[in-house]
Amino acid sequence: MGSLFRSEDMTLCQLFLQSEAAYACVSELGELGLVQFRDLNPDVNAFQRKFVNEVRRCDEMERKLRFLEKEIRKDGIPMLDTGDNPDAPQPREMIDLEATFEKLESEMNDVNANSEALKKNFLELTELKHILRKTQAFFDESGVFKDYEADHHTMQAMHDPLIPDDDVQLLGEELGRHAGQALKLGYTDIQHGEINVFVAGVILRERIPAFERMLWRVCRGNVFLKQAEIDTRLEDPITGDRVDKTVFIIFFQGEQLKSRVKKICEGFRATLYPCPETQSDRREMSIGVMTRIEDLNTVLGQTQDHRHRLLVAAAKNIKVWFIKVRKIKAIYHTLNMFNLDVTQKCLISECWCPVADLDRIQQALKRGNERSGSSVPSILNRMSTRQEPPTYHRLNKFTVVFQNIVDAYGVASYREVNPAPWTIISFPFLFAIMFGDAGHGVIMLLFALYLVIMEKKLAPKMSADEIFGMFFNGRYIILLMGAFSIYTGLIYNDIFSKSLNIFGSAWKPDPSVYNTSSMDLKNYKINANNTVDRPYPFGLDPVWQLAINKITITNSLKMKISVIFGVCHMLFGLSLSLLNHRFFNKPLNVYFEFIPQLIFMCSIFGYLILLIFVKWLKFGPADTGKAPNLLIGLISMFLFQYEDPCKPTTCWYAGQKGFQITLVVVAVLCVPWMLLVKPYMLRKQHLEGKPHQYTLLNGDMSQDDELLEVVHHVDSETAYPGDDDGYQEKIGEDVCEIDLSTSRYNVHIDSLEKLMKVKPFDFSEVMITQAIHTIEYCLGCVSHTASYLRLWALSLAHAQLSEVLWTMVMTTALSFKIQWLSVIFIFVCFAFWACCSIVILVLMEGMSAFLHALRLHWVEFQSKFYKGEGYQFVPFSFDTMLAEYGLAE
Amino acid sequence: MGTRAETTFIVVSIFWAFIGIVCPILLQFCMGKSPNKGIVQIMFIMTAVCCYLFWLCAFLFQLNPLVGPQLESNLIRVMQYEWFGIDPTGHHHVKTT
């Protein structure tokens, strides 16, 4: 049996690597993915570790790569993903990579900066162009102002839709005149001591209202603003967004107003442009601007092309580069966990690895040595320790999901029996007992088949979506759940709340019913004698789905099935605990825990199951009304209530009274057996075995000087793992040999202390622990058996929901009176029924049954044997590391 | 409870015994080297045990029924006609399958 039954045998190893070969060896181990390194420098600050510079360089490289990737994404260039998995490059290649990235980054930065400057220039020129064009319109009107006094008409002309209304009103006629004057007269009239000027500029369209208000307030209405919107959207050079802008021109008089206006423009971030006064100047400028814009466009185009070429060249390799850089970084992180020995020539580390894979690890080290061309071979040395090793299960794509279910409750303690292989079948089966509908089972099965068959194509999509990812990861569970649901559905004879009559019903109505003339015999009970000669061979008889007393009968069947399966499941869990006790060699547990637990459970609930089967076999149609009630019988068994002439409903086989009394007495006696004997025995052993407790370590204190000696597979026993009662002594246990040569190499003090620790024997603690176990077990027996009745409850709920949905929806549709309309009505009703079936019955009920089955496993089944106090084996593996990055992106 | 009940019992028991006992033994030889052999054997055995027990409960439950189904009399007539081919006069008619 594979390691799924128990976790793998793990060993702590010491690794001696020569400094030159260390990098290559760690790279090979990373490709292999079977070794978990322990951090030998936990106290050291991250910045004081040996390889911190290399890690920094890797971080730099990664940053540059991310920058490049962002640029590539911005341009929408596809990144080539060949699925290549290159090995981690040598340290000297790292320098080459760094140079390449440096060059690429600086080129990109240059190109981007140039591009930005060019775009800014372009923007300015474009705005200037627009200004020149729009102000042309403004100045044209000034020509109209030759005679402004009498010409109200011109006033109207000024009142064009470009000016907001309040401007015109506020400004009034006088100011209009002034403005006209200013326009007409030209601008600087120094002779008069006044300076009439204007400024022209461009501002974001959103800011115009606030801008106007501010101008009006600050300049007290003494300025005149004209604006015109720019039709095309202009590109902002920094953000690259396209924004709407407006051209404005402000006329004012006086130096003070000029400074105020300039300040306001600055505040609103409007860009001002020098606008020439005369028409001919403006025209010249316009032409100049146009030529410059064309030139700029060409240059911009070339810059963009250059950038695109750079990015395309980078995009070809960027995935591979990412993988290489991440591998280098991981290797250096790992090397940081190593210890440097006194001679500074050798790196030492401790690692956990599975015993079965030591050969492969040795080969990987050899490969690493060859690659680095080092003369000195690396050494892998097995160590003994009292620490608890990590739990490692070898999984494939099918078993991983079941192991995850078990691990969600708690990772298995080292080398204890793993519930996962049993869960593969028992979990879907318990689900199916609760789900129990063949039609919905078919839906689940088909969905899961789709996911399983298309798994290669769907796998990349899975990382994108969380919910779909959940369904995809659980495709094998859903497959099994669907398959078993079909089976249980056929046995319950429930397919979308209808039953199948394949073999012929066993309930044949009495011909006499046809002869009865009284039509007020509404219901006629087919009594139990009217059966054909055999029960329905596969599952529940189809007649029950039609019967009025269906629920009474199915309740009886389902409750009994629940109790039978519950007790069997729990007994199975109990027997797994026996395997644990025998593996860890604890005879005390077998005799004083397992056996009384077994007897307790069997004498009460095993007896109940026996009664169920006997009642089914012994009592038939002739005994209706006389058949014993098992539940009442169980209760009176506990209360020792037997009537004096024992009624046939209570005592229905000879010697029952005596037998039951014996069973109860035995069960009650099991309780002190569980409670008292084991602590007493432990105390006795402690008192007798006192000398043993203190001779801990006959460690071989010889220090191993030969670092260069190749030592293979030192056969030291792995230590006996600690568990909650570490007091119990293993008979004939070898005291562990500790290779104390490690003490030369700064081994963390804690591990040495752990090696030497011994727990003093505290009787009260042992007693209390045992009392808790006993109470938990005895009460748990009763409560867990009752808890299994949820198998009945959920299957009843599911069946009733299904039936109600059918009766309320489809029956009304099928019995619709108006025939021609009923076609459409059936179509609509079927759609509604199908949607409700899937959403409520398959998804909601399915999730509910899933959770309950999970709870039954976690609490009722696993509490009988599972400790779940281990920690997961997390090997140093490039594959898992890259997968994590892939998900994080 | 005639012979037909027992034949059903024997047939089904043999079927699940084949799946639960014979198949794992066959796998021992067929899949000898594969690391998944143990898992597949466990799966076969557990499937056989669970499914057989479930069927057995349903079967034994109906073997000696204490109560019969309560039906509306119209339904009984339809049942009589459709399932047992007996028309209201009491004669057998051609069964519609």
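Remember, it's a predicted structure, so these values are computed and weren't measured experimentally. (Residues numbered from 1 in each chain as written. Chains lettered and ligands numbered in written order. Predicted model: local features only at pLDDT ≥ 70, side-chain atom pairs only at ≥ 80, totals over all residues. Heavy atoms only, no water.)

## A closer look at the overall build of chain B
Step number 1: The helix and strand tally for chain B stands at three helices and one strand.
Step number 2: Seen in sequence order, chain B has helices and strands lined up from the N terminus as α-α-β-α.
Step number 3: Against the 2.2 N^0.38 benchmark of 13 Å for 97 residues, chain B shows a C-alpha radius of gyration of 22 Å, more extended than a compact globule.
Step number 4: The buried share of chain B, reckoned over its 97 residues, is 47%. (Helix = DSSP H or I, 4+ residues; strand = E, 2+ residues; numbered from the N terminus. Rg over C-alpha atoms; globule rule 2.2 N^0.38 Å. Buried < 20%, exposed > 50% of the residue type's maximum accessible area, 1.4 Å probe, protein only.)

## Looking at the UniProt feature "transmembrane region" (unreviewed entry) in chain B
Residue and element names in this part refer to chain B.
Step number 1: UniProt's entry tags residues 7-27 and 39-61 with the feature "transmembrane region" (unreviewed entry), counted in the numbering of this structure.
Step number 2: Within the segment residues 7-27, helix and strand shares are 100% and 0% respectively, and the terminal C-alpha atoms sit 29 Å apart.
Step number 3: Secondary structure across residues 39-61 comprises 100% helix and 0% strand; the distance between its end C-alpha atoms is 33 Å. (UniProt positions renumbered as here; feature names shortened; annotations may be inferred.)

## Points about the pattern of salt bridges
Residue and element names in this part refer to chain A.
Step number 1: Within the structure shown, the criterion is met by 30 salt bridges over all chains.
Step number 2: Notably, a salt bridge pairs E98 with R57, separated by 2.9 Å at the nearest N-O pair. One end of the pair, E98, is in helix α3 (residues 91-142); the other, R57, is in helix α2 (residues 52-75), and 41 residues separate them in sequence.
Step number 3: In this structure R57 comes out as partly exposed when scored by relative accessible area, which is 29%.
Step number 4: Members of the salt-bridge network, linked through shared partners, are D59, E62, R66, R326 and K329. (Salt bridge = Lys/Arg side-chain N within 4 Å of Asp/Glu carboxyl O.)

## Some points on helix α8 (residues 279-336) of chain A
Since the α-helix packs 3.6 residues into each turn, any two residues three or four apart lie on the same face.
Step number 1: With 58 residues, α8 of chain A extends only 75 Å from end C-alpha to end C-alpha; this falls clearly short of the ideal 86 Å at 1.5 Å per step.
Step number 2: N317 of chain A marks the point of greatest bend in α8 of chain A, at about 50 degrees. (Expected span 1.5 Å × (residues − 1). Bend = angle between axes of the 7 residues up to and from the residue.)

## Brief notes about the pairing of strand β1 (residues 10-18) of chain A
All names here are of chain A.
Step number 1: Where burial is concerned, most of β1 is hidden: nine out of the nine residues are buried.
Step number 2: By the alternation rule, side chains of β1 split into M10, L12, Q14, F16 and Q18 and T11, C13, L15 and L17, which are all buried.
Step number 3: Where β1 and strand β11 (residues 346-354) come together, nine bridges link them in antiparallel fashion. The residue of β11 that forms the bridge with L17 is L347.
Step number 4: Both β1 and strand β12 (residues 379-383) contribute to a ladder of five bridges, which runs antiparallel. Across the sheet, L12 pairs through a bridge with M383, a residue of β12. (Pairing = 2+ DSSP bridges.)

## What about the packing of aromatic side chains?
All names here are of chain A.
Step number 1: Taken as a whole and assessed by the stated rule, the structure comprises 49 aromatic pairs over all chains.
Step number 2: When the centroid spacing of 5.9 Å and the interplanar angle of 25 degrees are considered together, the rings of F224 and F251 count as stacked. Of this pair, F224 sits in strand β5 (residues 224-229) while F251 sits in strand β8 (residues 245-253); the two residues are 27 residues apart in sequence, bridging distant segments of the chain. Of the two residues, F224 and F251, both sit in the buried class.
Step number 3: An aromatic cluster is built from F5, W422, F572, F861, F865 and Y866, whose rings are joined through pairwise contacts.
Step number 4: The aromatic ring of F763 is capped on one face by R683, whose charged end is 5.5 Å from the ring centroid. (Phe/Tyr/Trp six-rings, centres within 6.5 Å; stacked < 30°, edge-to-face > 60°. Lys NZ or Arg CZ within 6 Å of the ring centre and 35° of its normal.)

## Observations concerning the interface of chain B and chain A
Note: interface size is frequently given as the accessible area lost on complex formation between the parts.
Step number 1: Each partner contributes to the interface: chain B provides 48 residues, whereas chain A provides 71 residues.
Step number 2: Both sides of the chain B and chain A interface together cover about 5500 Å² of buried area, and 73% of this is carbon and sulfur.
Step number 3: Taken together, the connections running from chain B to chain A amount to zero salt bridges.
Step number 4: The interface formed by chain B and chain A includes ten residue pairs in polar contact (both at pLDDT 80 or more).
Step number 5: Mapped by element, the contributors of at least two residues to the side of chain B that touches chain A are α1 (3-30), α2 (37-63), β1 (70-72) and α3 (73-84) of chain B.
Step number 6: A per-class count over the side of chain B that touches chain A returns 34 nonpolar, eleven polar and three charged. (Contact = heavy atoms within 4.5 Å. Buried area = accessible area lost by both parts, 1.4 Å probe. Polar contact = N/O pair within 3.5 Å; in protein donor to acceptor, adjacent residues only side chain to side chain. Nonpolar A, V, L, I, M, F, W, Y, C, P; charged D, E, K, R; others polar.)

## Considering the nonpolar core
In summary, soluble globular proteins display a tendency toward joint burial of nonpolar side chains.
Step number 1: Membership of the largest hydrophobic core comes to 117 residues, with the highest contact counts inside it found for F600 and F613 of chain A together with F54 of chain B.
Step number 2: Broken down by element, this core gets its largest block of residues, 17 residues, from α2 of chain B.
Step number 3: Split by domain, the residues of this core number at least three in each of domain 1 (3-66) and domain 2 (68-97) of chain B.
Step number 4: Apart from the residues within four sequence positions on either side, F54 of chain B is in contact with F429, I433, Y487, T488, I491, Y492, I561 and F565 of chain A.
Step number 5: Core analysis: the next-biggest nonpolar cluster, separate from the first, contains 55 residues, I318, Y332, L358 and L365 of chain A among them. (Core = buried A, V, L, I, M, F, W, Y, C linked by side-chain atoms within 4.5 Å. Domains from an automatic or database assignment.)

## Structural notes on the domain arrangement of chain B
Step number 1: Along its sequence, chain B is carved into domain 1 (3-66) and domain 2 (68-97).
Step number 2: Here the C-alpha centroids of domain 1 of chain B and domain 2 of chain B sit 36 Å apart.

## Observations concerning the pairing of β8 of chain A
Residue and element names in this part refer to chain A.
Step number 1: Summarising burial for β8: eight of the nine residues are buried, a large majority.
Step number 2: Looking at chain direction, β5 and β8 are connected through six bridges and run antiparallel. Each residue of the ladder has a partner; that of A228, found in β8, is V247.

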